[in-house]
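In case you want the letters, here they are:
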Amino acid sequence: MDRIRIVGGNELHGVIPISGAKNAALPLMIASLLTDDTLTLENVPHLADVEQLIRILGNHGADISVNGRRERQGESYARTVHFTSRNIVSTTAPYELVSKMRASFWVIGPLLAREGKARVSLPGGCAIGTRPVDLFIEGLASLGANIEIDGGYVNATAPAGGLIGARYVFPKVSVGATHVLMMAATLANGTTVLGNAAREPEVVDLAKCLNAMGAKISGQGTSTITIEGVRSLSGARHRVLPDRIETGTYAMAVAMAGGDVILEDTEASLLDTALEAIRRAGAEISETNSGIRIVRNGAGIKPVDIVTDPFPGFPTDLQAQFMGLMTRSSGVSHITETIFENRFMHVQELARLGARISLSGQTAKVEGVPRLKGAPVMATDLRASVSLVIAGLAAEGETMVSRVYHLDRGFERLEEKLTRCGAHVERVSD
Ligand code: EPZ
């Protein structure tokens, strides 16, 4: 199994191209099931989660072709992928596939809207928390679906004439349930109004693509989304938006290691709150024509408190990385996680590098230390694993991160992107 070896101490200087967003690409790919025409997505990142979803969509009858386009020599493989689901050959998403990736549960929306039925395995728990699906079930039921849970599967059936537009207010903000209800409502009879909807940029990107396919969605990016149902959707061509979590991760890596890096093909407006926290920690951040420049020269890292929140708050998907940065701050910081109940597994691993962190409920108290020392550590989930890489960049000596398949789910060519900026990071295959 591959491992990542980091020898800390080098500053980062250069340009890092930012890939298309994993968390936008996945729902966009699933939206292709809503039409018998071809949906073409540009800037699709080459990641394990994307490959897994390609297998899942194939199981439902999607014909998928990939045009690999090497946009930048050796750095980024942005790909254009064509999805055509002329016929849905199966409305069942089996446990073996859904259990590997929670987002595959989201096929329930398009399958139910287009075929009138779906049988989708419950995703089960995962490393970062229990993550139930009650909001999906309640929301789809409000559109008239009959839903039964049996043998670990959700069996959903639409009324004879199809789903019916309705008003549904989410009791809690959920990105995935917003994606699914929005997709399902595009083909419902009448108008659907979603209240307390997620405002994440990935929701806006999905709405933009669905509108290009002929849907009538408005209000995306606010907490009230209105969807006027249409009879059918057509194909479209859409470019996946930049990955704000990858952007924030590399910004934090530069803030940690020091240096001067341009993050290319991305937009600061996707992550204002996180960039503000990094600025307060002592890095200089400015916008350039092609992206974001981040500089930390000499100045130490200051302690900053953060609380994760739905967009536009501080993203939970950057919490572990920010904790990595705070391990080297000059004081005490508090990091509070409000989205997932168990997203602190990186704490024990960061401690192996010498970090001083104590947990009390949903808050981690991080006492900055003057030095970290390299050690063998283990990746526990996608974002936790990259926080170990960030800490390793500033640790003395060698940090060896095992179980890097977690990293490969969401970071495209991480070691190459960092190495080109002067870091000592390599993949070791046993
Ligand atoms: C999306 O997950 C992202 N995944 C996650 O990124 C991200 O952490 C999360 O949104 C929050 O921003 C993708 O986009 C593929 P939620 P999602 O539904 O949609 C609870 C990463 O590292 N909830 O917004 O599954 C849930 O348990 C991943 O890339 C219910 O209670 O998250 C959580 O506490 C990890 N009932 C909260 O809502 C439900 O039916 C928010 O979860 C659904 C969710």
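Here the structure is shown first, and the text comes after it.
Here we summarise the structure given alongside this text. (Residues numbered from 1 in each chain as written. Predicted model: local features only at pLDDT ≥ 70, side-chain atom pairs only at ≥ 80, totals over all residues. Heavy atoms only, no water.)

### Overview of unusual backbone geometry
As a reminder, the rule being used: The helix count covers DSSP runs of H or I at least four residues long, the strand count covers runs of E at least two residues long, and both are numbered beginning at the N terminus.
In this chain, Phe 311 is followed by Pro 312 through a cis amide linkage whose omega measures 10°. Position of Pro 312 among the secondary structure elements: in the loop between strand S18 (306–307) and helix H10 (319–326). Unusually for a residue other than glycine, Asn 196 sits at a positive phi of about 55°. Secondary-structure assignment places Asn 196 in the loop between strand S11 (191–195) and helix H7 (201–212).

### Re the site of the ligand
Our working definition: Nearness is defined per residue: one heavy atom within 4 Å of the molecule or strand is enough. For the purposes of these results, a polar contact is taken to be a pair of N or O atoms within 3.5 Å, where, inside protein, one atom must be able to donate a hydrogen and its partner to accept one; residues adjacent in sequence count only when each atom of the pair is a side-chain atom. Surface accessibility follows the Shrake-Rupley procedure with a 1.4 Å probe radius. Residue values consider only the protein chains on display as shielding. Residue polarity is assigned by list, with Asp, Glu, Lys and Arg as charged and Ala, Val, Leu, Ile, Met, Phe, Trp, Tyr, Cys and Pro as nonpolar; anything else, Gly included, falls into the polar class.
As a structural note, the neighbourhood of the ligand is formed by 24 residues, with Asp 134, Ser 174, Asp 317, Ile 339 and Arg 383 the closest of them. One of the side-chain nitrogen or oxygen atoms of Lys 22 is found 3.0 Å away from an oxygen atom of the ligand. Between Ile 339 and the ligand, the recorded distance is 2.6 Å, taken from a backbone N or O atom to an oxygen atom. Burial of the ligand by the protein chains amounts to 91% of its free accessible area of 830 Å². Among the elements of the structure, helix H1 (22–31), helix H5 (134–142), helix H6 (175–186) and helix H12 (382–394) are those that each provide at least two residues to the shell around the ligand. For the shell around the ligand, the residue count by class is twelve nonpolar, four polar and eight charged.

### Some thoughts on helix H9 (residues 272–280)
So the rule is basically this: A 1.4 Å probe rolled over the protein chains alone gives each residue an accessible area, and that area as a share of the maximum for its type sets the label: buried under 20%, exposed over 50%, partly exposed in between. By arc we mean the arc of the directions from the helix axis to the C-beta atoms, nothing more. Working rule for contacts: check all heavy atoms of both residues, and any pair within 4.5 Å makes them a contact.
Three or more residues of H9 are buried, namely Ala 274, Leu 275, Ala 277 and Ile 278. Buried positions in H9, seen along its axis, are confined to an arc of 155° and lie on one side of it. In the core, the buried residues of H9 are packed alongside helix H8 (244–257), strand S16 (284–287), strand S17 (291–296), S18 and H10. Immediately downstream of H9, the backbone of Gly 282 shows phi near 120°, a positive value.

### Notes on the pattern of salt bridges
How we decide: We count a salt bridge whenever a side-chain nitrogen from Lys or Arg sits within 4 Å of a carboxyl oxygen from Asp or Glu.
Scanning all chains against the criterion turns up 19 salt bridges. Across the pair Glu 426 and Arg 5 runs a salt bridge, and its minimum N-O distance is 2.7 Å. With Glu 426 in strand S26 (residues 424–428) and Arg 5 in strand S1 (residues 3–7), this pair connects stretches of sequence that are 421 residues apart. Among the ionic pairs, Glu 276 bridges to Arg 279, the shortest N-O distance being 3.2 Å. Note that Glu 276 and Arg 279 are positioned in helix H9 at a spacing of three residues, about one turn of the helix. Taking relative accessible area as the criterion, Glu 276 reaches 37% and is therefore assigned partly exposed.

### Side note on the pairing of strand S3 (residues 38–44)
Inclusion rule: Note on pairing: two strands pair once DSSP finds at least 2 bridges between them.
In terms of burial, S3 is a largely internal element, six of the seven residues being buried. Where S3 and strand S14 (residues 236–239) come together, four bridges link them in parallel fashion. Within the sheet, the bridge partner assigned to Leu 41 lies in S14 and is His 238.

### A word on the sheet that holds strand S19 (residues 332–336)
This is how the line gets drawn: Fitted lines through C-alpha atoms serve as axes, helices being fitted only where they are in contact, and the angles separating the N-to-C directions of these axes extend from 0 to 180 degrees.
The four strands are arranged S18-S19-S21-S20 in an open sheet whose pairing can be described as mixed. The two strands at the open ends of the sheet, each matched to only one other strand, are S18 and strand S20 (356–360). Of the strand pairs in this sheet, S19 and strand S21 (residues 363–367) are connected by five bridges, and their pairing is antiparallel. Counted as the bridge partner of Ser 333 is Val 366 from S21. Lying on the sheet, H10 is in contact with S18, S19, S20 and S21; it crosses S19 at an angle near 170°.

### Examining the packing of H1 against helix H2 (residues 48–60)
Definition in use: An angle below 35 degrees is treated as roughly parallel, one above 145 as roughly antiparallel, one from 65 to 115 as roughly perpendicular, and anything else as oblique.
At a closest axis distance of 10 Å, the pairing of H1 and H2 adopts a crossing angle of 10°. Classified by the angle between their axes, H1 and H2 sit roughly parallel to one another. Residues Lys 22, Leu 26, Met 29 and Ile 30 of H1 form the contact with H2, whose participating residues are Asp 49, Val 50, Leu 53, Ile 54 and Leu 57. When the residues that make up the contact of H1 with H2 are grouped by side-chain class, the tally is seven nonpolar, no polar and two charged.

### Quick word on the sheet that holds strand S9 (residues 153–157)
On the basis of which strands lie adjacent, the open sheet formed by four strands has the order S6-S7-S9-S8 and mixed pairing. Looking at the sheet topology across the chains shown, the edges are occupied by strand S6 (92–93) and strand S8 (146–150). Relative to S9, strand S7 (residues 117–121) is paired through five bridges, and the arrangement is antiparallel. By the bridge assignment for S9, Val 120 is matched with Val 154. Together, S7 and S9 form the strand contacts of helix H4 (residues 108–115), whose direction differs from that of S7 by roughly 160°.

### Points about the packing of aromatic side chains
The relation between two aromatic rings is expressed through the spacing of the ring centres and the mutual angle of the planes. This is how it is decided: Pairing of aromatic rings covers Phe, Tyr and Trp, the last counted by its six-membered ring, and requires centre-to-centre distances within 6.5 Å; plane angles under 30 degrees mean stacked, over 60 mean edge-to-face, and any other angle means tilted. Criterion for a charge above a ring: Arg CZ or Lys NZ at most 6 Å from the ring centre, at most 35 degrees from the ring normal.
Scanning the entire structure with this criterion turns up three aromatic pairs. Judged by centre distance (5.1 Å) and plane angle (80°), the rings of Tyr 168 and Phe 170 are edge-to-face. For the pair Tyr 168 and Phe 170, a shared accessibility class is recorded, and that class is buried. Residues Phe 314 and Phe 322 carry aromatic rings whose centres are separated by 5.5 Å and whose planes lie at 65° to one another, so their mutual orientation is edge-to-face. There is no split in this pair, since Phe 314 and Phe 322 are both buried. Its guanidinium or amino end placed over the ring of Tyr 153, Arg 119 lies 4.1 Å from that ring's centre, counting from NZ or CZ.

### Details of the nonpolar core
Stated precisely, the cut-off is as follows: Side-chain atoms within 4.5 Å are what join buried Ala, Val, Leu, Ile, Met, Phe, Trp, Tyr and Cys residues into a set we call a nonpolar core.
Counting residues in each nonpolar core, the largest one holds 147 residues, and the members touching the most others are Leu 12, Met 182, Leu 210, Ile 278 and Phe 322. The element best represented in this core is H8, accounting for nine residues.

### A look at the packing of H4 against H6
We apply this condition: Whether a crossing is left-handed or right-handed is set by the direction in which the near helix is turned from the far one by less than a right angle, anticlockwise for left-handed and clockwise for right-handed.
The geometry of H4 relative to H6 is characterised by a closest axis approach of 8 Å and an angle of 15° between their N-to-C directions. What the angle tells us is that H4 and H6 run roughly parallel. Read as a crossing pair, H4 and H6 show a hand that is right-handed. Along the contact surface, H4 presents Ile 108, Gly 109, Pro 110 and Ala 113, while H6 presents Val 180, Met 183 and Ala 184.

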